[in-house]
Amino acid sequence: MDTFVQQLINGLVLGCMYALVALGYTMVYGIIGLINFAHGDVLMIGALVSYSVATALMESSPNLSGWLALAVALPVSMGACVGLNLLIERLAYRPLRSAPRLAPLITAMGVSLLLQALAMVIWLPSPKPYPQLIPDTVFDVWADGPVITLTQLLILGVTTAVLALLMALVLRTRLGRAMRATAENPQVAALMGVQPDRVIAATFAIGAALAALAGVMWAANYGTVQHTMGFLPGLKAFTAAVFGGIGNLAGAMVGGLLLGLIESMGAGYLGSWTGGVFGSNYVEIFAFAVLIAVLTLRPSGLLGERVADRA
Amino acid sequence: MTPLLEVRGAAKRFGGVQALGGVDLRIDRGEVHGLIGPNGAGKTTFFNVLTGLYPPDAGEFHLDGQPYRPGSVHEVTAAGIARTFQNIRLFAEMTALENVMVGRHVRTRCGVLAALTRNVAFRTEEAQIRERAQALLEHVGIGHLAPFKARTLSYGDQRRLEIARALATEPKLLALDEPAAGMNATEKRVLRQLIETIRADGCTVLLIEHDVKLVMGLCDRVTVLDYGLRIAHGTPQEVQRDPAVITAYLGAPPQEMTT
Amino acid sequence: MNVSSILSSSFAVRAGQRGHWMLLAGLALLLMLVPFGIVPFGEGWVRILALALLYVLLALGLNIVVGFAGLLDLGYVAFYAVGAYMTAWLSSPHLSEHLPAVMALWPNGLHVPIWLIVPLAAAVAALAGIVLGAPTLKLRGDYLAIVTLGFGEIIRVFMNNLEQPLNLTNGPRGISQIDPVRLGPLDFSQPLTLGSFSIPSVVLYYELFLLMGVGAILIGHRLEFSRIGRAWMAIREDEIAARAMGLNTRNLKLLAFAMGASFGGVAGALFGAFQGFVSPESFSLMESVMIVAMVVLGGIGHLPGVVLGALLLAALPEVLRYVAADLRVHTGGRLDAAILRQLLIALAMIGIMLWRPRGLWPSPERARAAPEEMTP
């Protein structure tokens, strides 16, 4: 039981981060039909920028409260990522809006490689320890049982708040309506006065902010940052988006949480289920196994629409 | 003589909509048969069911006396029904000649081994494919366009190319989905001549069309659909006078119309 | 007509245009002599060229899948790995050292000759191509890409972890002591002495890979201009229309996967024998991406372009390593050859898509716009 609850906690925390990144994927795919391969690397940039800011602050004033450093590092990294993503969209993706599907896909891969290479140049390739900004407090769920750290609690709380905010944005604001309209039918939305370029830019901006947030969470939770930290989580988050139903915000959230749980449970139990043959080091492929299963069995995802194919 | 195509009770439902509610259709050998009806009547659905794009919920299908199950699209083509598309679907980056050569695929056999060894069978077959394709292009009137990429052809020529490609599969039944869509009067005249030539060659044609004048002048017999059901069938003249047809198109029973 | 379209139309040649074939034969002969000119500068350079030729093989294989059939496979390196590990299993002491059953049957270790391993690797890779391709048949382009990427990663994880309960791959440590290529009395790991003239081992490998490369180009060409090639291209252009024309798209796609994969298997088998050592490191996602880049940047679907792309992207990192040797010191370790290579490949991918999306050397637009239709 202890393992179960522990894995449950770990899974939900992981799932929150996947959900935040998955939202970025699903929003961009819903609007322009592009799988933004580079999105996971935005997470990485967010983590690394916050690392630099936090480390600089902590070193210049050693008595500085970790909370304060975090309060500065987080918005800075979110801002940096938003700026970066807007730049990428403007320079690399916008010119290819009407190109055949292969072109933006290749470009996105190129952007991903570029971001990783730049990260290596700026921050050096070695993994770096993330400063302890949030106190190390650990809470026992019950005595001698599963534990949850303050960081993890914060991740759960912040994610919930952010998701609620996002839903409010999408459902209640003008921008949200414009985004949904553009996702449904860009031409008609344009006829109604929506400017697609602005809406798409806003989508990239929001996605970047969420990814940066996820990056900081990841860094705080796992303690290290490196230029390679974003790609694989990004890909898994995309899997989560497909799992939940691509283009569907609630689907991205549900998919993210579920994928986090699946990975966590797998990591915890795979060894005992297979008698030691397949250990937890096979967890990496869970996400892909889920992806293949979903696309083969239920391509529209869990919450996706069953669209009848009219020729 | 057995009819070329015999369909009984074709039915198809999409979610809440009964697109086809049990349609019967009979096409005789060598005729040009029109399928008409108001928008949403189920013509394209019937077409897609016939050619294997949608699996039918019910219905019996017989081609040339043999029952066939419109299971997969390529099997239907192999069995002898070739179709064109309402929104022309050509292989854009391939030349006109290559497009028609692909049409020959289903009636030819050389595989990877022959391609790699370039044996006699391969070279003979390739030459035949090429000649046949060129001949078909000439037959529909665009032989001079053979080396040009399909996407560079004019709309009317693209339509003719699509028909040539379908003919390359040696179909028993050529099914044309709104071939006159978007054409002006001159282009329609050329198309009509082409279809008459195809009929003269002995090929049977099924035609979905909205242009009533074209259908009445060209078709030997016509089937009318409305709301997924057959409401009339017969010669164009018979159908034109049928009160059910008039109601379907004009919405008013005949006695309310002043002559 | 410029040089590139002359060379390209050489490739589009039908039987009977002897002149063009002579040109290409001359080119091949020239390429055979190249290493002899380079050896004085260091055998390392010939080694780079030999590896570049293996990449040509890989790119040509992927071109069948991506270029002809239009299936974006991002996990192609898996087939390279299959070929390499086949050589490792069939011609090194690994299996007999770790599997008692094998030790019992072959106490001296397995030493299957390379001319048997290569076709076997091709066949096994083709099978793998069918197995990995089958689940992707109904997927659209983007999803196909991600799933194939996933398969590539799954294979890599297995390679890294198949040490227990049976040590099949030796995990991250890889398998070494793989036999070199031996054809009859000729042992490729030793220099070949002809009188007073000695051909270094690496040049022998180069010539072998050149031969395989030429073979691959020939196969690719013959496939392109055939009924099967046209069928693949029809699927690439419009799969629904292709089906309507009677093409069994499922089988054709599987065939494309299988043929493309077989090239990867052959390249992998040769790689294993050449290097004498295989490990999962050589089969990362970056490799798959690089091979895709070679095809797309070179000229997707166009054989000369693909060959050019492969040679450029394979040779580039090595040239960089030489040029950037000092760069590392000057920039405090921030900019070394590997990072520079990644930067340049990334910029190339973005740049080419923005400015020359059909690649550096695309198929010539030999079909100009059709003349305006004359109204009768």
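Worth saying up front: this structure is predicted, and the values here are computed from it rather than measured.

## Quick look at the packing of helix α1 (residues 2-32) of chain A against helix α8 (residues 196-222) of chain A
Residues and elements named next belong to chain A. Closest axis-to-axis distance for the α1/α8 pair is 9 Å, and the angle between their directions is 165 degrees. Overall, the two elements α1 and α8 adopt an arrangement that is roughly antiparallel. Considering only the axes of α1 and α8, their crossing is left-handed. In this structure, α1 contributes Val13, Met17, Leu20, Val21, Leu23, Gly24, Met27, Val28, Ile31 and Ile32 to the contact, and α8 contributes Ile200, Thr203, Phe204, Ile206, Gly207, Leu210, Ala211, Leu213, Ala214, Met217, Trp218 and Asn221. When grouped by side-chain class, the residues that make up the contact of α1 with α8 number 18 nonpolar, four polar and no charged.

## What about helix α16 (residues 337-355) of chain C?
End to end, α16 of chain C covers 26 Å across 19 residues, agreeing with the expected 27 Å (1.5 Å per residue, within 8%). Taken together, the buried positions of α16 of chain C are Ile339, Leu340, Arg341, Gln342, Ile345, Ala346, Ala348, Met349, Ile350, Ile352 and Met353 of chain C. Where α16 of chain C is buried, its residues touch α3 (66-93) and α4 (102-123) of chain A together with α13 (285-299) and α14 (303-323) of chain C.

## Digging into the sheet that holds strand β6 (residues 81-83) of chain B
All names here are of chain B. Taking strand neighbours across the sheet as the criterion, the six strands line up as β6-β7-β8-β3-β9-β10 in an open arrangement whose pairing is mixed. Each edge of the sheet is formed by a strand with only one pairing partner; in this case those strands are β6 and β10 (229-234). For this sheet, the mean inter-axis angle between neighbouring strands, taken without regard to orientation, is 20 degrees. Looking at chain direction, strand β3 (residues 32-36) and strand β8 (residues 204-208) are connected through four bridges and run parallel. Opposite Gly34, over in β8, you have Leu207 as the bridge partner. Together, β3, β6, β7 (173-177), β8 and β9 (221-226) form the strand contacts of helix α1 (residues 43-50), whose direction differs from that of β7 by roughly 145 degrees.

## What to know about the interface of chain A and chain C
Contacts between chain A and chain C engage 32 residues on the former and 31 residues on the latter. For the side of chain A that touches chain C, the secondary-structure elements that each account for two or more residues are α4 and α11 (286-297) of chain A. In terms of residue count, the dominant contributor to the side of chain A that touches chain C is α4 of chain A (14 residues). Class assignment for the residues of the side of chain A that touches chain C results in 25 nonpolar, five polar and two charged.

## Thoughts on the interface of chain B and chain C
Quite often, the size of an interface is put as the accessible area lost when its parts meet. If you look at the interface, chain B gives 39 residues, while chain C gives 27 residues. Every element with two or more residues in the side of chain B that touches chain C is listed here: α2 (73-79), α3 (96-103), α4 (112-117), α6 (155-168) and α7 (185-200) of chain B.

## Focus: the packing of α3 of chain B against helix α10 (residues 227-237) of chain C
Direction vectors running N to C along α3 of chain B and α10 of chain C enclose 105 degrees, while the axes themselves pass 10 Å from each other. Judged on the interaxial angle alone, α10 of chain C and α3 of chain B are roughly perpendicular. Taken together, the residues of α10 of chain C that come into contact with α3 of chain B (itself represented by Glu98, Met101 and Val102 of chain B) are Arg230, Ala231 and Ala234 of chain C. Among the residues forming the contact of α3 of chain B with α10 of chain C, the class breakdown is four nonpolar, no polar and two charged.

## Focus on the sheet that holds strand β2 (residues 17-27) of chain B
Sheet strands pair via backbone hydrogen bonds, and the direction of the pair is either parallel or antiparallel. Residue and element names in this part refer to chain B. Pairing in this open sheet of four strands is antiparallel, and the strands run β2-β1-β4-β5 from one edge to the other. Strands with a single pairing partner mark the edges of an open sheet, and in this sheet they are β2 and β5 (66-67). Inspection of the sheet shows strand β1 (residues 5-14) paired to strand β4 (residues 58-63) by five bridges, in the antiparallel sense. The residue of β4 that forms the bridge with Arg8 is Glu60. Lying on the sheet, α1 is in contact with β1 and β2; it crosses β2 at an angle near 65 degrees.

## Here's the deal with the confidence of the model for chain A
The predicted coordinates ought not to be read in detail in places where the model reports low pLDDT. The predicted model of chain A has a mean per-residue pLDDT of 87, with 96% of residues at 70 or higher. When the criterion is pLDDT under 50, residues 307-311 of chain A qualifies, and its contacts beyond four places in sequence or with other chains add up to five contacts.

## Digging into helix α5 (residues 150-172) of chain A
Residue and element names in this part refer to chain A. Its 23 residues give α5 an end-to-end C-alpha distance of 32 Å, which sits within 8% of 33 Å, the value for a rise of 1.5 Å per residue. Every buried residue of α5 is listed here: Thr151, Gln152, Ile155, Thr159, Leu163 and Leu166. Looking at the buried positions of α5, the neighbouring elements they touch are α1, β3 (147-149), α8 and α10 (249-273).

## Examining the environment of Glu178 of chain B
All names here are of chain B. Within the element layout of this structure, Glu178 appears in the loop between β7 and α7. Through-space distance from the C-alpha of Glu178 to that of Gly65 is 27 Å; in sequence the pair is 113 residues apart. Those residues in contact with Glu178 that lie beyond four places of it in its chain are Gln86, Ile208, Glu209 and His210.

## Some details on the nonpolar core
With 305 residues, the main nonpolar core has Val21 and Cys81 of chain A together with Ala59, Ala256, Met294 and Met349 of chain C as its most contacted residues. No other element matches helix α3 (residues 43-68) of chain C, which puts 18 residues into this core. When residues no more than four places from it in sequence are discounted, the contact partners of Ala256 of chain C are Ile64, Val65, Phe68, Ala69, Leu71 and Trp232 of chain C.

Basis of the calculations
- Residues numbered from 1 in each chain as written.
- Chains lettered and ligands numbered in written order.
- Predicted model: local features only at pLDDT ≥ 70, side-chain atom pairs only at ≥ 80, totals over all residues.
- Axes fitted to C-alpha atoms, helices over the stretch in contact; angles between N-to-C directions.
- Helix = DSSP H or I, 4+ residues; strand = E, 2+ residues; numbered from the N terminus.
- Parallel < 35°, antiparallel > 145°, perpendicular 65-115°, else oblique.
- Left-handed = near helix turned anticlockwise from the far one by under 90°.
- Contact = placed C-beta atoms within 7 Å.
- Nonpolar A, V, L, I, M, F, W, Y, C, P; charged D, E, K, R; others polar.
- Expected span 1.5 Å × (residues − 1).
- Buried ≥ 20, exposed ≤ 12 C-beta atoms within 10 Å, placed from the backbone.
- Pairing = 2+ DSSP bridges.
- pLDDT = per-residue confidence, 0-100.
- Core = buried A, V, L, I, M, F, W, Y, C linked by C-beta atoms within 7 Å.

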